[in-house]
Amino acid sequence: MTGMQRTVSSRLEAWAADQTTIVLAVAVSARHHELTEHLLVMVNSEPAPIREIVDALGGRQHVLDVPASSFISIDYEATVFSDAPGPSSDEAERIRFLRPSRYCDSDALEPFARATFGSLGRLDLIDEIRQWVGSNIEYVPGVSRPTDGASSTLLTRQGVCRDFAHLTTALLRARDVPARVVSVYAPGLSPMDFHAVTEVEVNGDWFVVDSTGLAPRGAMVRIATGADASDIAFLTNIGGRVDLGLISVMAVADGGLPLDDADSLTRLM
């Protein structure tokens, strides 16, 4: 959906009981060059200095140091005017995203994946795994814990988008298909929130798979990319306790939402 304009925003409020460092991943990926954006972080009603770190996959992390007993508010908004070129893969990425990770324990799921999905070709395998996860896992807000991974989701058969993405990614890796997890702003998502999807490698390019089917892939806006949720968390605190309060997310596509054929290969820009 080249040239589609999307407007996204998020607001977070949190209380830091202790001195800590907070790392945010709420800004649109550095892959999107044509955009306007604004990020404002306030600590105890004063603008806070932040520093930006861009990772190898284009994820932008904003880091701030927070004193004890602080109220933090984070406001981000961006308008993306056009799409960036679709990402291509290299050998190092393919190897990295074939390996098991903290929340995508593909080694533990290999016997199940081989017994369930047999020896399908890559495109048929991707489609079968997407359909299986979408049909067999129930979307239940609040049911999973932050420490749950793909194996837990397979056992409980319940989860949220993070869990769907982890299980889809782990099953693909278990069948020797490179796959990774991406956080996105997703116009059309209901209820609106940060969203997590899978990217899978096909013939040197990365394509998005969303086993939840809750939003059209062609309108999604990439935030961060990694092995699993440990790489793409929208807020990480280091060194102290932080209690997260308000989370408000908005994402709209100007001109309406695109149609999404779930069986088609779609790039996430």
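Asker: Is there a simple way to explain the sheet that holds strand β1 (residues 6-16) in this structure?
Answerer: Paired through their backbone hydrogen bonds, the strands of a sheet run either parallel or antiparallel. A sheet is described by the order of its strands in space; here five strands give the open sequence β4-β3-β7-β1-β15, paired in antiparallel fashion. Each edge of the open sheet is held by one strand with a lone partner, namely β4 (46-47) and β15 (242-253). Looking at chain direction, β1 and β15 are connected through 10 bridges and run antiparallel. Within β15, the residue paired with R6 across the bridge is A253.

Asker: Is there a simple way to think about the side chain of T79 in this case?
Answerer: With respect to the helices and strands, the residue T79 is situated in strand β7 (residues 70-80). A relative accessible area of 16% means that T79 is categorised as buried. With residues up to four places along the chain from it excluded, the contact list for T79 reads Q5, R6, T7, E34, L35 and T36.

Asker: Hey, could you run me through the sheet that holds strand β12 (residues 205-209) in this one?
Answerer: The sheet built from four strands is open, its strands ordered β12-β11-β10-β13 with antiparallel pairing. The open sheet is flanked by β12 and β13 (221-226), the only strands paired with a single partner. On average, adjacent strands in this sheet sit at an angle of 40° to one another, irrespective of strand direction. Here strand β10 (residues 179-185) runs beside β13; their pairing, made up of five bridges, is antiparallel. When the sheet's bridge partners are listed, V182 is paired in β13 with T225. Lying on the sheet, helix α3 (residues 122-136) is in contact with β11 (195-202) and β12; it crosses β11 at an angle near 160°. Strands in contact with helix α5 (residues 161-174) are β10, β11 and β12; relative to β11, the strand with the most contacts, it is inclined by about 15°.

Basis of the calculations
- Residues numbered from 1 in each chain as written.
- Predicted model: local features only at pLDDT ≥ 70, side-chain atom pairs only at ≥ 80, totals over all residues.
- Heavy atoms only, no water.
- Pairing = 2+ DSSP bridges.
- Helix = DSSP H or I, 4+ residues; strand = E, 2+ residues; numbered from the N terminus.
- Buried < 20%, exposed > 50% of the residue type's maximum accessible area, 1.4 Å probe, protein only.
- Contact = heavy atoms within 4.5 Å.
- Axes fitted to C-alpha atoms, helices over the stretch in contact; angles between N-to-C directions.

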